[in-house]
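# Coordinate analysis (summary)
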Amino acid sequence: SKGPQRKALRRYAKDRYDQNIRYTDDHIGQLLERMGPEATVIIYSDHGESFWEPANKTLGHGRSLLEAELAIPFILRAPGLKPARVKAPVSLVDIVPTLNELYGLPSPTPDSPFAFDGQSLVALARGEDIEEAMGRPIAFGRTLFDDEGWGVVLNHNKWITRSGKEQLFDLKRDPREQQDLSRSRSASLTSYHAALSEGLNMPVAKL
C-alpha cells in the first residue's frame, strides 16, 4: 500500500541525510585536530532542510520560512573562547564583524557605505549580552521558490508575512511552529513591521 511505501521512503531519506551528517562530522573533527587549538574556525551552513515536519509537510529547502529550513549549524572556535552553547538568534551576516573583532581589525563606521549589516558575536560567545541579543531583530526572507515572503525573529517570537497572510510563533514554547498565534495577538502584529525594518536596516512598505 502507499502508506507503508511512503513511510519507508521517508525513513530512507532521513537515514541518508543522517549518514551525510556523520560523514561530515568525522571529517570536520579530523580537520580541527590538524589545524590545532590556536586556529580560528567558523563552521556554518547556508540553509536547513525540511523532512515532512507537521508545520510545512515538505522535503527539501527553499520553499518555507519555517525553522526546519532557516535554523542552521553555526559553530565558532577561537583562542580564548570556552566551549559553550548559546541560545540566541544570530545571522550569517554576523560572520565578518565577528572575525574582524577576533583579529583586531578596524571596523567601518555605521555611516560608512562599507558598514556591516551584522554584529560581532564575540561577546555573545563569551556568555555576555545574551538578553540584548534576544531583543535584536533578525530579519529573513525571499525563498527560492513559491511566493516571496519576509519575517523577523524578536524575543523568542517569529513573525512571517507571505501572500497577504501573517503568522506568529512563540519559538520558546513552540519550537516546531505548530501553533499560529497571529489571530490571538493580531493587535500587536504591527510592532513586527518596525522590527522587520530595523532588522533589514531599511524602510519597508506597510504590509
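Computed from a predicted structure; not experimentally measured. (Residues numbered from 1 in each chain as written. Predicted model: local features only at pLDDT ≥ 70, side-chain atom pairs only at ≥ 80, totals over all residues. Heavy atoms only, no water.)

### Observations concerning the overall build of the protein
As a reminder of what qualifies: Segments assigned H or I by DSSP are reported as helices when at least four residues long, segments assigned E as strands when at least two residues long, and all are numbered from the N terminus. Classification of residues uses two cut-offs on accessible area relative to the type maximum, computed with a 1.4 Å probe and protein chains only: under 20% is buried, over 50% is exposed, and between them is partly exposed. Contacts were defined at the residue level, with two residues in contact if any of their heavy atoms lie within 4.5 Å. Areas reported as accessible are Shrake-Rupley estimates using a 1.4 Å probe. Residue values count occlusion only from the protein chains shown. We treat Lys and Arg as the positive residues and Asp and Glu as the negative residues; His and chain ends play no part in the count. A charge is said to be at NZ when it belongs to Lys, at CZ for Arg, at CG for Asp and at CD for Glu.
The helix and strand tally for the protein stands at six helices and eight strands. A principal-axis box enclosing the C-alpha atoms of the protein has dimensions of 60 × 45 × 30 Å. Buried positions account for 30% of the 207 residues belonging to the protein. Long-range contacts, defined as pairs at least 24 residues apart, comprise 46% of the intrachain contacts of the protein with a sequence gap of at least 6. Taken as a whole, the protein presents about 14,100 Å² of accessible surface, with 52% of it coming from carbon and sulfur. Taking the average place of the 27 positive charges on the side chains of the protein and the average place of its 28 negative ones, the gap between the two points comes to 9 Å.

### Concerning the sheet that holds strand β5 (residues 138–141)
Counted only if it meets this: Strands qualify as paired when DSSP identifies two bridges or more between them. Every axis corresponds to a line fitted to the C-alpha atoms, with the helix fit spanning only the stretch in contact, and the corresponding angles, defined between N-to-C directions, vary from 0 to 180 degrees.
In space, the four strands of this open sheet follow the order β5-β6-β7-β8, with antiparallel pairing throughout. Two strands bound the open sheet, and with one partner strand each, they are β5 and β8 (165–170). Going across the sheet, the axis of each strand differs from the next one's by a mean of 15°, ignoring polarity.

### Focus: unusual backbone geometry
The backbone of Asp129 shows a phi angle near 55°, a positive value even though the residue is not glycine. Note on placement: Asp129 falls in the loop between α4 (122–125) and α5 (130–134). Look at Asp129 and you get partly exposed, because its relative accessible area is 43%. A positive phi angle is found at His156, which is not glycine, with a value near 75°. Structurally, the position occupied by His156 is in the loop between β6 (149–154) and β7 (157–162). The partly exposed category is assigned to His156, whose relative accessible area is 31%.

### Focus: helix α6 (residues 190–200)
The line we're drawing: The arc under discussion is defined with respect to the helix axis, by the directions toward the C-beta atoms.
Looking at α6, one finds that the buried residues are Tyr192, His193, Ala195 and Leu196. In a view along the axis of α6, the buried residues occupy a sector of 165°, so they form one face of it. Facing away from the buried side of α6 by over 90 degrees, the exposed positions are Thr190, Ala194 and Glu198. On its buried face, α6 is in contact with β5, β6, β7 and β8. Phi turns positive, to about 60°, at Asn201, one or two residues after α6.

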